[in-house]
Amino acid sequence: MNRRIRTAIGVALTATLVTTAAPAPAAAHDRRPAVIALPDGFQPEGIAAAGRYAWFGSRATGEIYRADLITGAGRQVSPATGTPSLGLKVDRRGRLFVAGGTAGDARVIDTRTGAVLARYRFADAPTFVNDVTLTPDAAWFTDSNRPVLYRLPLGRGGTLPPAGGFTTLPLTGDFQQSGTGVNLNGIVPTPDGRGLIVVQSNTGILFRVDPATGVTTAVDVPGTTFVNGDGLLLIGRTLYVVQNRLNQIAVVELNRAGTTGVLRRVLTDPDFDVPTTVAAALGRLYLPNARFSTPPTPATPYTAVAVDGR
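Residues numbered from 1 in each chain as written. Predicted model: local features only at pLDDT ≥ 70, side-chain atom pairs only at ≥ 80, totals over all residues. Heavy atoms only, no water.

A. Geometry of the sheet that holds strand E17 (residues 205-209). The strand order across the open sheet formed by 5 strands is E14-E18-E17-E16-E15, and the pairing between neighbours is mixed. Two strands in the sheet have a free side with no partner beyond their single neighbour: strand E14 (172-173) and strand E15 (184-189). (Pairing = 2+ DSSP bridges. Helix = DSSP H or I, 4+ residues; strand = E, 2+ residues; numbered from the N terminus.)

This is how it looks when you write it as structure tokens:
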């Protein structure tokens, strides 16, 4: 059986010591697909995962597609909106939080029924609501065209706010909006839960954000930048930074406050084709291939790829 979980290649990007790691062997009975087919023409960008399922958003139509990570089978769970569905996160209540890209909005979807539970309009053009992360008391969204974060407060029991019940947090300090390209992108909490970490795609810099004040501080990762940084994933103190057009994931060990880090290794895979973000499930990392360098057509095939993150 071809298990297709590739070797994790350690790349010494700087003078920082970067180790080379080999994946742990898969069990002989493991028949989970390492490459999952998504609908032709789908143009995936975001992914969220829980249990055996992953949800993918289409940047072309806004459709949400759910795939079974054990069988590879999938189906539509939320129809096309005509606007993008980019960053995704699912909470323990089975709600999917969706960043709306150029629509300047977000919506929350019931993963069981596909019903839209709430919609929020954050901004008018120019805007690009790109990614989302969840904390115990809020959902936080980045805007690649503006130096701000949007905060949806969550009430007791995770209660969603009314349509106008969000706040906009201007960013100050080290972060500076740079040009007209993609600036703010992926977002996660710090390991200690007291701050947020964002990546600026066009400069490759990670920033720690004080969620109370908006003050930003560059994360010190000696000799390393993360150009084309896109989706982020935090597991414990390990930060995975997807570098889309480089077809790789930088793996960084952070301190608890998220103020400093060390690049430990870089993961890649022959099946990567401009992966945009990453989710963890069933002991693996899953990444959708956005294929930005491939002209999209209704017949263009798209996939998600599983790799061993160790």
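And the narrative resumes.
B. Seen up close, the pattern of salt bridges. Under the counting rule described, the total for this entry stands at 9 salt bridges. Between aspartate 131 and lysine 89 there is a salt bridge, and its shortest N-O distance comes to 4.0 Å. Here aspartate 131 is found in strand E10 (residues 129-135), whereas its partner lysine 89 is found in strand E6 (residues 88-90), with 42 residues between them in sequence. The salt bridge involving arginine 112 is made with aspartate 110; its shortest N-O contact spans 3.7 Å. Relative accessible area serves as the criterion here: at 58%, arginine 112 is assigned to the exposed category. Overall, aspartate 110 belongs to the buried group, its relative accessible area being 14%. In the salt-bridge network here, residues are joined through shared partners; they are Arg237, Glu253 and Arg264. (Salt bridge = Lys/Arg side-chain N within 4 Å of Asp/Glu carboxyl O. Buried < 20%, exposed > 50% of the residue type's maximum accessible area, 1.4 Å probe, protein only.)

C. View of the side chain of threonine 300. Along the chain, threonine 300 falls in the loop between strand E24 (284-288) and strand E25 (302-307). The exposure class assigned to threonine 300 is buried, which follows from its relative accessible area of 6%. Among the polar contacts made by the side chain of threonine 300, one reaches the main-chain amide nitrogen of threonine 297 at a distance of 2.8 Å. (Polar contact = N/O pair within 3.5 Å; in protein donor to acceptor, adjacent residues only side chain to side chain.)

D. Broad picture of the packing of aromatic side chains. Within this structure, the stated rule accounts for 5 aromatic pairs. Taking 4.9 Å as the distance between ring centres and 80 degrees as the angle between the ring planes, the aromatic pair formed by phenylalanine 122 and phenylalanine 166 counts as edge-to-face. Of the two residues, phenylalanine 122 is situated in the loop between strand E9 (116-121) and E10 and phenylalanine 166 in the loop between strand E12 (148-153) and strand E13 (167-170); the sequence distance between them amounts to 44 residues. Here phenylalanine 122 falls in the buried class, since its relative accessible area comes to 8%. Relative to phenylalanine 207, the ring of phenylalanine 175 lies with its centre 5.4 Å away and its plane at 85 degrees, an arrangement referred to as edge-to-face. Of the two residues, phenylalanine 175 is situated in the loop between E14 and E15 and phenylalanine 207 in strand E17; the sequence distance between them amounts to 32 residues. Here phenylalanine 175 matches phenylalanine 207 in class, with each residue buried. A network of ring pairs unites the aromatic residues Phe122, Phe141, Tyr150 and Phe166 as a single cluster. Sitting over the ring of tyrosine 53, arginine 66 keeps its end group 3.9 Å from the ring centre. (Phe/Tyr/Trp six-rings, centres within 6.5 Å; stacked < 30°, edge-to-face > 60°. Lys NZ or Arg CZ within 6 Å of the ring centre and 35° of its normal.)

E. Quick look at the pairing of strand E7 (residues 95-99). Taken across its 5 residues, E7 has 5 buried, putting it largely inside the fold. In E7, alternate side chains face the same way, and those of Arg95, Phe97 and Ala99 on one face and Leu96 and Val98 on the other are all buried. For E6 and E7, the ladder comprises 3 bridges, and the chain directions are antiparallel. What sits directly across from lysine 89, in E7, is phenylalanine 97.

F. Structural context of the environment of glycine 195. Inspection of the secondary structure puts glycine 195 in the loop between E15 and strand E16 (196-200). Residues glycine 195 and glutamine 176, 19 residues apart in the sequence, show an inter-C-alpha distance of 18 Å. The contact partners of glycine 195, leaving out residues within four places of it in the chain, are Pro189, Thr190, Arg208, Val209 and Pro211. (Contact = heavy atoms within 4.5 Å.)

G. Structural context of the nonpolar core. Formed by 18 residues in total, the largest nonpolar core has its most connected members in Phe97, Tyr120, Phe122, Phe141, Tyr150, Leu152 and Leu160. Those elements that place two or more of their residues in this core are E7, strand E8 (105-110), E9, E10, strand E11 (138-143) and E12. Setting aside residues no more than four positions away along its own chain, phenylalanine 141 makes contact with Val98, Ala99, Ala106, Phe122, Val129, Asp131, Val132, Val148, Leu149, Tyr150 and Leu152. Grouped together as the second largest cluster of nonpolar side chains are 16 residues, Ile36, Ala54, Phe56 and Tyr302 included. (Core = buried A, V, L, I, M, F, W, Y, C linked by side-chain atoms within 4.5 Å.)

H. Looking closely at empty space enclosed by the protein. Enumeration according to the criterion identifies 1 cavity of 30 Å³ or more in this entry. Its volume calculated, the largest cavity comes out at about 80 Å³. Residue lining of the largest cavity: 13 residues in total, with Glu45, Gly46, Gly87, Asp131 and Thr277 positioned closest to the centre. Of all the elements in the fold, those that place two or more residues in the lining of the largest cavity are strand E2 (44-50), E6 and E10. A total of 3 residues in the lining of the largest cavity trace back to one element, the largest contributor, which is E2. Partitioned by chemical class, the residues of the lining of the largest cavity number 3 nonpolar, 6 polar and 4 charged. (1 Å grid on protein atoms, 1.4 Å probe; cavity = no way out; pocket = protein on both sides within 12 Å on 5 of 7 lines; lining within 4 Å. Points joined across faces, edges and corners; volume = space filled by probe spheres on them. Nonpolar A, V, L, I, M, F, W, Y, C, P; charged D, E, K, R; others polar.)

I. Expanded view of the pairing of E12. One ladder, built from 5 bridges, connects E11 with E12; its direction is antiparallel. Looking at E12, one finds that phenylalanine 141 is bridged to tyrosine 150. Hairpin geometry of E11 and E12 is characterised by an intervening segment of 4 residues between the two adjacent antiparallel strands. Direction of pairing for E12 relative to E13: antiparallel, over a ladder of 4 bridges. Pairing of tyrosine 150 across the sheet is with threonine 168, part of E13.

Read these as geometric descriptors, not functional statements.
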